[in-house]
Amino acid sequence: MRKALVTLSAILMLAGFGSAQTADEIVAKNIEAKGGMAKLKAIQSVRITGNAEFGGIQADIVSIMKRPSMVRRNISVQGMTMVQAYDGRDGWQIIPFTGKKDPEPMAADDLKLIAQESDIDGPLMDYKKKGHKVELVGKEKMEGTDAWHLKITMKDGDVRQVYLDADSFLEIRMTGKTMRRGAEMETETTLGDYKEEAGMMMPHSIEVHAQGAPGAQKITITKVEVNTTEDDAEFKMPAVVPPPAAETKKPESGSTPPKK
């Protein structure tokens, strides 16, 4: 009896050990759920079209990403288009809503953020090669849904919390803190309405809550195009054309200069 109990105890311990998940196993299942490493790596560029609603304002959005690390966003509101772009080294923007029509370099905090967003594969894929660290915090309840909680420490030191649906292994929520204009800002992003696009699963509903900002940004994806032809020049900051110099009017011939 004693031997039988010891054997049973050992079997149960091994079974428990075998069922335990590791961070790498969770990450591997996430990549497979999205479409698999081969399909994801075959994507050289992606163009995403959608619309956004924030603070009662409606906007049209076009987001373009291209390997190795290029991204451009066009956000159009009432006939004006804001541009934010990164060419793999430099970030720039055009913000016409503030009366600025010329491109200008991004501030350091904005540059850091858009450089992170330029990773077309996301931080989980090849995270060790990228210099990130991923830890499995555990399984938690996320609004009634079981979710795997991963902590990602980015190469630059920023920390993100990522929650994967325990059944689908797809991202359902991400939170993170970053510095914006000298102040720490926390954001929470909820992802949903996953659909298959060119063999990969992509969210078509995105809701972003930013600390201190009223309401939320609700983004709906309406079209996804993969491996589109994108010119590298679209991601580079255009040259600023100086205004033409004012011409000095010459006095007419034979005219008498005014008396003082």
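Cut-off values and rules
Residues numbered from 1 in each chain as written. Predicted model: local features only at pLDDT ≥ 70, side-chain atom pairs only at ≥ 80, totals over all residues. Heavy atoms only, no water. Helix = DSSP H or I, 4+ residues; strand = E, 2+ residues; numbered from the N terminus. Buried < 20%, exposed > 50% of the residue type's maximum accessible area, 1.4 Å probe, protein only. Contact = heavy atoms within 4.5 Å. Pairing = 2+ DSSP bridges.

Within the secondary structure, Glu234 is located in the segment after strand E13 (217-226). Among the residues examined, Glu234 registers a relative accessible area of 40% and is labelled partly exposed. Separated by 163 residues in the primary sequence, Glu234 and Val71 have C-alpha atoms spaced 9.2 Å apart. Every residue in contact with Glu234, bar those within four places of it in the chain, is listed here: Arg72 and Trp92.

Right, let's talk about unusual backbone geometry for a bit. Looking along the chain, the bond that leaves Arg67 and enters Pro68 is cis, with omega of 0 degrees. The backbone of Gln78 shows a phi angle near 50 degrees, a positive value even though the residue is not glycine. With respect to the helices and strands, the residue Gln78 is situated in the loop between strand E3 (70-77) and strand E4 (80-86). Taking the relative accessible area as the measure of exposure, Gln78 reaches 78% and is therefore exposed. The phi angle at Asp193 is positive, at roughly 50 degrees, despite the residue not being glycine. Within the secondary structure layout, Asp193 lies in strand E11 (residues 183-197). A residue is classified by how much of its surface remains accessible, and Asp193, at 44% relative accessible area, is partly exposed.

Turning our attention to the environment of Thr189. Along the polypeptide, Thr189 turns up in strand E11. Distance from Thr189 to Met174, taken between C-alpha atoms, is 5.1 Å for residues 15 residues apart in sequence. The contact partners of Thr189, leaving out residues within four places of it in the chain, are Ile172, Arg173, Met174, Ile206, Glu207 and Val208.

Time to look at the pairing of strand E8 (residues 145-153). Where strand E7 (residues 133-142) and E8 come together, nine bridges link them in antiparallel fashion. Across the sheet, Glu140 pairs through a bridge with Ala147, a residue of E8. Between E7 and E8, which pair antiparallel and follow one another directly, the connecting turn spans two residues, one of which, Glu143, has a positive phi of 55 degrees. Following E8, the chain reverses through five residues before pairing antiparallel with strand E9 (residues 159-165); Gly157 in that reversal takes a positive phi of roughly 105 degrees.

Turning to the side chain of His204, a few remarks are in order. Along the chain, His204 falls in strand E12 (residues 200-210). Overall, the relative accessible area of 3% leaves His204 in the buried class. With residues up to four places along the chain from it excluded, the contact list for His204 reads Gly192, Asp193, Lys195, Glu197, Ile219, Thr220, Ile221 and Val224.

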